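Here are the chains, one letter per residue:
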Amino acid sequence: MSDRQSSNAYWRANIRIIWICLIIWALVSYGFGIILRPLISGIPVGGSDLGFWFAQQGSILIFIALIFWYAARMNRLDREHGVEE
Amino acid sequence: MSQFTLNLIFIGASFALYIGIAIWARAGSTAEFYAANRGVSPVMNGMATAADWMSAASFISMAGLIAFTGYDNSTYLMGWTGGYVLLALLLAPYLRKFGKFTVPEFIGDRFYSQTARIIGVVCLLIISITYVIGQMTGVGVTFSRYLEVSTSTGLWIGAALVFVYAVLGGMKGITYTQVAQYVVLIVAYTIPAVFIALQLTGNVLPQLGLFGTHEESGVKMLAKLDQVVTDLGFKSYTGHHNSTLDMVLFTLALMIGTAGLPHVIIRFFTVPKVSDARSSAGWALVFIALLYTVAPAVGAMARFNLTATMWSGASTGAEAGSTFSAPAVSLERIETAPELAWMRNWQVTGLLNWEDKNGDGLIQYYNDKAEPGEALATVIADQNLQGNELPVVNNDIMVLANPEIANLPGWVIGIVAAGGLAAALSTAAGLLLAISGAVSHDLIKGWLAPNISEKNELMAARIAMGVSILVATLLGLNPPGFAAQTVALAFGLAASSIFPVLMMGIFSTRINRQGAIWGMLAGIISTLVYIFLYKGWFFIAGTNMLEDTAANWLFGISPASFGTIGALINFAVAYLVSNATEEPPVEVVELVESIRIPRGAGAANGH
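Residues numbered from 1 in each chain as written. Chains lettered and ligands numbered in written order. Predicted model: local features only at pLDDT ≥ 70, side-chain atom pairs only at ≥ 80, totals over all residues.

### A closer look at the overall build of chain A
In terms of regular secondary structure, chain A is built from two helices and two strands. Taken from N to C terminus, the helices and strands of chain A fall in the order α-β-β-α. Taken against the 2.2 N^0.38 rule, which gives 12 Å for 85 residues, the C-alpha radius of gyration of chain A at 18 Å runs more than 25% over that of a compact globule. Taken along the three principal axes of its C-alpha coordinates, chain A extends 60 × 20 × 15 Å. Residues counted as buried form 34% of the 85 residues belonging to chain A. Sequence-distant contacts, at least 24 apart, represent 55% of the contacts inside chain A between residues at least 6 apart. (Helix = DSSP H or I, 4+ residues; strand = E, 2+ residues; numbered from the N terminus. Rg over C-alpha atoms; globule rule 2.2 N^0.38 Å. Buried ≥ 20, exposed ≤ 12 C-beta atoms within 10 Å, placed from the backbone. Contact = placed C-beta atoms within 7 Å.)

This is the structure we're talking about:
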């Protein structure tokens, strides 16, 4: 039974981390890159504005950081719950 | 040395390399054939995934799509990279833990249903075969342009080559060949971009050059481009002109579609550990980003160079109208000048064409479909313009013609030819592997002949691959003429069928057999019907029931974006049907709980 409880806690923690990542994922692409672009259009970046930078470069860089952060965070979580390989 | 000899040397050397690797890494067992014995490191796997994923569409077409539309086509950049976040977070580690070889196998086991598995196979075959046809067509076109043979000869050379290394090597051979192909394609994409960024902005890195200063005029590159294209009556480059809703849905369809493409998903079966599956998606995206952050720079600078070739005034000045400070390029120069030989070469292919409509000996390139601005209206009146005199500029020539437009040395052109072929061939090989796995492993071993020996299964996989190459080549010889639509269809299908069913299979223990089957069918069929309504039934021209324009689309959703809605329908139907029917059996719930935990993944095998 304790195994089951521990794996439930592990899964809940994983879901929380996934939500955090997905919120950032959506914010930089759909948010800053598209829907919120008019709100941040006052910030100039190299001949255009911050939203253009997010749409053509920034979101891709943040996607990469996000995946590596998730991988590192999950490795730690695996060890904390004793479910690593 | 002639350009033809240079092309031959670069293309020949790259092929010798791929075939050498395939012979060195010959697969001996089914495990090596399908999953490279799970012995591929995350970095190598990431590089191979990047080559697998970046097809002729990424290499040849994408920068051109961005060049002529600007900001609105950022959807491709975000959509084709953001899908890897979904893969890393939602699918890859769990499918690796599941430890089997194919996507339909997971669907069949998780939803304890042969029917679900076969629906999965059908989706996989439709998605993958449409993709292979596109790649084979790309190979034929690139060969015919650079080796100066006919398109069909080029296609057969490409087919023979894919046959040798995909059929002999299996996943193991393909993985190492794709690593080599990645190196070739990224070098080929980056070198001309670096040259051009240096010429225009003085930056070595194209990524910085895009946001840097255009040296000749002293204003920012993007501001300069906006001024030049609006002078000529085109929509501004950095402005937002399309529907926001459709942009969001299209990006989402590309992201979900990417995460649902079977040939990309199977890459994550080949890494040694669950934690490697997570980081492998990150490495894949690093290698993809090396091209995807260069592409917008290539697009912007190619658009600028093309415009500056047509109007030499575009390079100087910063204020509106300065594009017209010098006369347009003369017909005589286009037809005789050595530095404009590329225009004559591309005219032969029919992808570029000009016409001196007003007979003044000059070729004026502008947008004749929009209300002209003040400066352009004056030019139209003064020079008695009768319409745009460069009416044909195909998106797809931008990357291939880019080194010639910028007058780069001949060896750069040879490298770009080898790179375009590497992109098309690596994707074709990956797709063929997914197809052969589904046919031999899921259809033959899983259904028709469960007692088949490992040796015969391997033979069946190779025959399936050979037959798929033949089918794709024959269809590639007579392309049905709907390449762009079928790509949209493949993404829509992957988004509306495979991604939702995999995600629900992992994140819910309640979704059952009936839910998965009805969800997949509802998702695919609704997406297919929506695309066919606007594009014609089975793409037969003239059978479309509604005109394919924004005003006719349901809530302004374009057919290419509908995959997102199809995915939502899939989720909703699966949820409702599952809750109305019995719970899945205990052993399936236990299966789901075991794939959620990394421990124990080492015991994975195919049988």
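### As for the overall build of chain B
Along chain B, the regular secondary structure elements total 24 helices and two strands. Against the 2.2 N^0.38 benchmark of 25 Å for 607 residues, chain B shows a C-alpha radius of gyration of 25 Å, consistent with a compact globule. Summarising its shape, the C-alpha atoms of chain B cover approximately 80 × 55 × 40 Å along the three principal directions. Evaluated residue by residue, chain B yields a buried proportion of 59% over its 607 residues. Sequence-distant contacts in chain B: of pairs separated by 6 or more residues, those separated by 24 or more amount to 81%.

### Considerations on the interface of chain A and chain B
Taken residue by residue, the interface counts 36 residues in chain A and 43 residues in chain B. Residue contributions to the side of chain A that touches chain B peak at 16 residues, all from helix α2 (residues 50-80) of chain A. For the side of chain A that touches chain B, the residue count by class is 22 nonpolar, 10 polar and four charged. (Nonpolar A, V, L, I, M, F, W, Y, C, P; charged D, E, K, R; others polar.)

### With respect to the packing of helix α5 (residues 74-98) of chain B against helix α13 (residues 274-292) of chain B
Residues and elements named next belong to chain B. Close contact between α5 and α13 brings their axes to 8 Å; oriented N to C, the two are set at 165 degrees. Here α5 is positioned roughly antiparallel relative to α13, judged by the angle of their axes. With respect to the hand of their crossing, α5 and α13 are arranged in right-handed fashion. Residues L77, T81, Y84, L87, A88, A92, P93, R96 and K97 of α5 form the contact with α13, whose participating residues are V274, A277, R278, A281, G282, A284, L285, I288, A289 and Y292. Of the residues assigned to the contact of α5 with α13, the class counts are 14 nonpolar, two polar and three charged. (Axes fitted to C-alpha atoms, helices over the stretch in contact; angles between N-to-C directions. Parallel < 35°, antiparallel > 145°, perpendicular 65-115°, else oblique. Left-handed = near helix turned anticlockwise from the far one by under 90°.)

### Remarks on helix α18 (residues 397-405) of chain B
Residue and element names in this part refer to chain B. In terms of burial, α18 is a largely internal element, nine of the nine residues being buried. Every buried residue of α18 is listed here: I397, M398, V399, L400, A401, N402, P403, E404 and I405. Looking at the buried side of α18, the elements it contacts are α4 (56-69), α8 (151-201), α14 (295-310), α16 (341-349), β1 (352-353) and α19 (410-448).

### So, unusual backbone geometry
Residues and elements named next belong to chain B. The phi angle at N384 is positive, at roughly 55 degrees, despite the residue not being glycine. Locating N384 in the fold gives a position in the loop between α17 (374-382) and β2 (392-393). Despite not being glycine, F555 has its phi angle at roughly 50 degrees, a positive value. By secondary structure assignment, the location of F555 is in the loop between α22 (513-535) and α23 (562-580).

### Section: α19(B)
Its 39 residues give α19(B) an end-to-end C-alpha distance of 54 Å, which sits within 8% of 57 Å, the value for a rise of 1.5 Å per residue. Among the 39 residues in α19(B), 32 count as buried, and that is most of the element. (Expected span 1.5 Å × (residues − 1).)

### Topic: the nonpolar core
Membership of the largest hydrophobic core comes to 223 residues, with the highest contact counts inside it found for A:I67, B:V85, B:L185, B:I288, B:A300 and B:L432. Residue contributions to this core peak at 20 residues, all from α8(B). Split by domain, this core shows at least three residues from each of two domains, domain 1 (3-289 + 408-487) and domain 2 (301-404) of chain B. In contact with B:L185, not counting residues within four places along its chain, are B:A51, B:M54, B:F59, B:G419, B:A422 and B:A423. (Core = buried A, V, L, I, M, F, W, Y, C linked by C-beta atoms within 7 Å. Domains from an automatic or database assignment.)

### Things to note about the domain arrangement of chain B
All names here are of chain B. For chain B, the assigned domains are domain 1 (3-289 + 408-487) and domain 2 (301-404). Between the C-alpha centres of domain 1 and domain 2 there is a distance of 33 Å. Between domain 1 and domain 2, the residue contacts involve 30 residues of the former and 30 residues of the latter. For the side of domain 1 that touches domain 2, the elements supplying multiple residues, two or more each, are α4, α8, α10 (221-231) and α19. Among the elements that line the side of domain 1 that touches domain 2, the one with the most residues is α4, at eight residues. Class assignment for the residues of the side of domain 1 that touches domain 2 results in 20 nonpolar, seven polar and three charged.

### With respect to the confidence of the model for chain B
All names here are of chain B. In this model, chain B carries a mean pLDDT of 88, and residues with pLDDT of at least 70 account for 95%. Note that pLDDT drops below 50 for residues 603-607; the model gives that stretch six contacts with residues more than four away or on any other chain. Confidence estimates for the predicted assembly give a pTM of 0.92 and an ipTM of 0.96. (pLDDT = per-residue confidence, 0-100.)

### Side note on the environment of B:G209
All names here are of chain B. Within the fold, G209 resides in helix α9 (residues 206-209). On the basis of neighbour counts, which here come to 26 C-beta atoms within 10 Å, the residue G209 falls in the buried class. Apart from the residues within four sequence positions on either side, G209 is in contact with A197, L200, T201, N203, M221 and A297.

### Quick notes on the confidence of the model for chain A
Per-residue confidence for chain A gives a mean pLDDT of 93; residues scoring 70 or more make up 94%. Confidence scores differ between elements of chain A, with helix α1 (residues 2-35) of chain A showing the lowest mean pLDDT of 91 and α2(A) the highest of 97.

### Remarks on the packing of α4(B) against α19(B)
Residue and element names in this part refer to chain B. Here α4 crosses α19 at 125 degrees, and the two axes come no closer than 7 Å. It follows from the interaxial angle that α4 and α19 lie oblique. The segment α4 lies against α19, with A56, S58, F59 and I60 engaging G419, G420, A423 and A424. Split into classes, the residues belonging to the contact of α4 with α19 amount to five nonpolar, three polar and no charged.

### Concerning the environment of B:I413
All names here are of chain B. Position of I413 among the secondary structure elements: in helix α19. Take I413: there are 22 C-beta atoms within 10 Å of it, and that puts it in the buried class. Sequence separation of I413 and A337 is 76 residues, and the distance between their C-alpha atoms is 19 Å. In contact with I413, other than residues within four places in its own chain, are Q3, P403 and E404.

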